[in-house]
Amino acid sequence: MSHGRLAFPQGVAVGASILSADFAELGNEIAAALGAGAGFIHVDVMDGHFVPNLSMGPAVCGAVRRAAPRAPVDVHLMVQRPLSFIEPFAKAGADWCTVHVEAQDDPRECAERSRSLGMKAGLAFNPRTPVEHALDAGLLDAADFILLMSVQPGYSGQAFMPEVLAKARLLRRSGWQGPIEIDGGVSPLNAEACRAAGCTLLVSASAIFGSGDYAAAINGMLA
Ligand code: DX5
Ligand code: ZN
């Protein structure tokens, strides 16, 4: 399966994480974020085990798909056992699917499952998880993109951890050419540092949906 949504954006793009959207207005919130310049929609999935919070599942992903028929839908699985959830999210219309290297299922198997279902495969690293072991083990060959968490996963609205950017710089020095997604506390105040470190997919929830002007927030992260 191949379609235009699957491709990564050229250059740098901002992804709107719906975790801070008004869920009673989800379709309108997604349309507003895309109209304001968001390049993709980020869907945070939490299981109450890998992180101490619950969020949304495949049915919500399907609703996002219908609200954003042409934008990439980026699913971030913060779950302990992601493998069995990959196919339900693919069927719900996800384009990109990320699992954590700290989760219990084999990240390579998860990435292969995502690719076999026609999705781009992402591997995510918590703030305190180094990337060196994954580089040394060749694990990144299984990934189409890397997600670096810049907060402890579980909640939106936390403070950005700038030390995480060292991992983006290391990945670029090591020759990683694919997209690097940064997620957590990203805002117009730190987006330039993220871009300078080599991050290309900037995810934001509260800096967009908590602002009164989504376009100003998104442009502030792109400029
Ligand atoms: C955190 C999620 C993030 C979160 C970002 O566990 O993975 O995507 O929604 O929220 P902000 O941008 O408010 O830190
Ligand atoms: Zn996320």
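Check the entry above for the structure.
Each value, and the rule that gives it
Residues numbered from 1 in each chain as written. Chains lettered and ligands numbered in written order. Predicted model: local features only at pLDDT ≥ 70, side-chain atom pairs only at ≥ 80, totals over all residues. Heavy atoms only, no water. Donors = N, O, S within 2.8 Å, 3.2 Å for Na, K, Ca; no water. Helix = DSSP H or I, 4+ residues; strand = E, 2+ residues; numbered from the N terminus. Buried < 20%, exposed > 50% of the residue type's maximum accessible area, 1.4 Å probe, protein only. Near = heavy atom within 4 Å. Polar contact = N/O pair within 3.5 Å; in protein donor to acceptor, adjacent residues only side chain to side chain. Areas by Shrake-Rupley, 256 points an atom, 1.4 Å probe, with all protein chains shown as cover. Core = buried A, V, L, I, M, F, W, Y, C linked by side-chain atoms within 4.5 Å. Contact = heavy atoms within 4.5 Å.

Participant: Looking at this structure, how should I read the coordination of the zinc ion (ligand 2)?
Facilitator: Metal coordination angles in their ideal form are 109.5 degrees for the four-donor tetrahedron and 90 or 180 degrees for the six-donor octahedron. Note on the zinc ion (ligand 2): its protein donors are His-42 (NE2), Asp-44 (OD), His-76 (ND1) and Asp-183 (OD). The metal-donor distances range over 2.0 to 2.3 Å. Each donor residue of the zinc ion (ligand 2) belongs to the same chain, and together they define the spacing H-x1-D-x31-H-x106-D. Of the two residues, Asp-44 is situated in strand β2 (residues 40–46) and Asp-183 in strand β7 (residues 180–183); the sequence distance between them amounts to 139 residues. Here Asp-44 matches Asp-183 in class, with each residue buried.

Participant: Honestly, the site of ligand 1 in this entry has me stumped. Any pointers?
Facilitator: Near ligand 1 you find 20 residues, and of these Asp-44, Gly-154, Asp-183, Gly-185 and Ser-206 are the closest. Here Asp-183 contributes a side-chain N or O atom positioned 2.6 Å from an oxygen atom of ligand 1. Taking Ala-205, its main chain carries an N or O atom lying 2.8 Å from an oxygen atom of ligand 1. Protein contact buries 100% of the 380 Å² of open area that ligand 1 shows by itself. At the level of secondary structure, the elements contributing two or more residues to the shell around ligand 1 comprise β2, β3 (73–78) and β8 (201–204). It is β2 that provides the largest number of residues to the shell around ligand 1, a total of three residues.

Participant: Can you walk me through the nonpolar core in this structure?
Facilitator: Judged by nonpolar contacts, the single largest core of 68 residues is most densely connected at Ile-18, Val-43, Val-75, Leu-77, Leu-148, Ile-182 and Leu-202. The residues touching Leu-202, leaving out its near neighbours within four places in the chain, are Val-12, Ala-13, Val-14, Gly-15, Ile-182, Val-186, Ala-191, Cys-194, Arg-195 and Met-221. Among the nonpolar cores identified, the runner-up in size contains seven residues, and Phe-8, Ala-13, Phe-40 and Val-203 belong to it.

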